[in-house]
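Examination of the molecular architecture
This is what each chain is made of:
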Amino acid sequence: MSKIIQAFLTGAFITFIFDFFIFLGIQKNYIDVYNVDLYYNILFADNQNIFIYLLFSVLFGYLVLYIDSNKIKLPIIAFFFVTSLATLIPQVGHALGAGLFMQKNQTFKSKRYTFTGDVYYIGRKNITFYDYDLQKTILLKKEELIQ
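Residues numbered from 1 in each chain as written. Predicted model: local features only at pLDDT ≥ 70, side-chain atom pairs only at ≥ 80, totals over all residues. Heavy atoms only, no water.

**Describing unusual backbone geometry**
The phi dihedral of asparagine 105 falls on the positive side, at around 50 degrees, and the residue is not glycine. Mapping asparagine 105 onto the fold places it in strand E1 (residues 103-110). In the Ramachandran plot, glutamine 135 falls in the positive-phi region, its phi being about 55 degrees despite a non-glycine side chain. Position of glutamine 135 among the secondary structure elements: in the loop between strand E3 (126-131) and strand E4 (136-141). Looking at glutamine 135, the relative accessible area reads 60%, which means it is exposed. (Helix = DSSP H or I, 4+ residues; strand = E, 2+ residues; numbered from the N terminus. Buried < 20%, exposed > 50% of the residue type's maximum accessible area, 1.4 Å probe, protein only.)

**Here we look at the pattern of salt bridges**
Where charged atoms from two side chains of opposite charge approach closely, those side chains can pair. With the rule as written, the count across this model stands at three salt bridges. The partner of aspartate 32 in a salt bridge is lysine 28, with the nearest N and O atoms 4.0 Å apart. On the basis of relative accessible area, aspartate 32 is assigned to the partly exposed category, the value being 34%. The closest approach of N and O atoms between lysine 104 and aspartate 118, which form a salt bridge, is 3.9 Å. With lysine 104 in strand E1 and aspartate 118 in strand E2 (residues 114-122), this pair connects stretches of sequence that are 14 residues apart. According to the relative accessible area criterion, lysine 104 is exposed, its value standing at 54%. (Salt bridge = Lys/Arg side-chain N within 4 Å of Asp/Glu carboxyl O.)

**Focus: the nonpolar core**
If you look at the biggest cluster of nonpolar residues, it comprises 15 residues, and the most contacted ones within it are Ile26, Tyr30, Ile31, Val36, Leu43 and Tyr121. Broken down by secondary-structure element, the contributors of at least two residues to this core are helix H1 (2-31), helix H2 (40-46), helix H5 (90-101) and E2. The element that contributes the greatest number of residues to this core is H1, accounting for four residues. Discounting residues that sit within four places of it in the chain, leucine 43 has contacts with Phe23, Ile26, Gln27, Ile31, Leu38, Phe101 and Tyr121. Phe108, Phe115, Phe129 and Leu145 belong to the second-largest nonpolar core, a separate cluster that totals eight residues. (Core = buried A, V, L, I, M, F, W, Y, C linked by side-chain atoms within 4.5 Å. Contact = heavy atoms within 4.5 Å.)

**Structural notes on the packing of aromatic side chains**
Scanning the model with the defined rule gives 21 aromatic pairs in all. Relative to phenylalanine 44, the ring of phenylalanine 16 lies with its centre 5.5 Å away and its plane at 85 degrees, an arrangement referred to as edge-to-face. Highlighted residues: phenylalanine 16 in helix H1 and phenylalanine 44 in helix H2, separated in sequence by 28 residues. Note on phenylalanine 16: relative accessible area 38%, which makes it partly exposed. For phenylalanine 44, a relative accessible area of 15% corresponds to the buried category. Ring geometry for phenylalanine 18 against phenylalanine 60: centres 5.2 Å apart, planes inclined by 75 degrees, an arrangement best described as edge-to-face. (Phe/Tyr/Trp six-rings, centres within 6.5 Å; stacked < 30°, edge-to-face > 60°.)

**Structural notes on the pairing of E3**
Pairing analysis gives five bridges linking E2 to E3, with the strands arranged antiparallel. Among the inter-strand pairings, valine 119 is bridged to a residue of E3, identified as phenylalanine 129. When E3 meets E4, the two strands line up antiparallel, connected through six bridges. Paired with asparagine 126 across the bridge in E4 is lysine 141. The hairpin formed by E3 and E4 contains four residues between the paired strands, and glutamine 135 there has a positive phi angle of roughly 55 degrees. (Pairing = 2+ DSSP bridges.)

Right, dumping it as structure tokens:
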């Protein structure tokens, strides 16, 4: 039983490292490019998918502790490490961030205005939005928008 727990914790640690680099690449190459006012810890915490994280934790834990052949586990771990580091390349990090967060041609309405443009990021309280008419990035408060 303790080896199962050890495998899961090892997998969770390895997955955390890969996850960290993925979100670091998104932060540097997408969030910072569009000047989204977002602290890294909030980006990291709010955009985790617990099921994917647990799946990879189990996978890496099993791989590290239960597979004896280094010819199998080292290339797999190296592949995921290089893949997670790839988000530090500006084009890759931006493309991943845009795929996760950007929504093109959206319309929002408040009591006084209608906004049409691209959503860069939907946060806890605000939406970072590029307005086509104003031709600049604005911050919309979720509470002021009409559904």
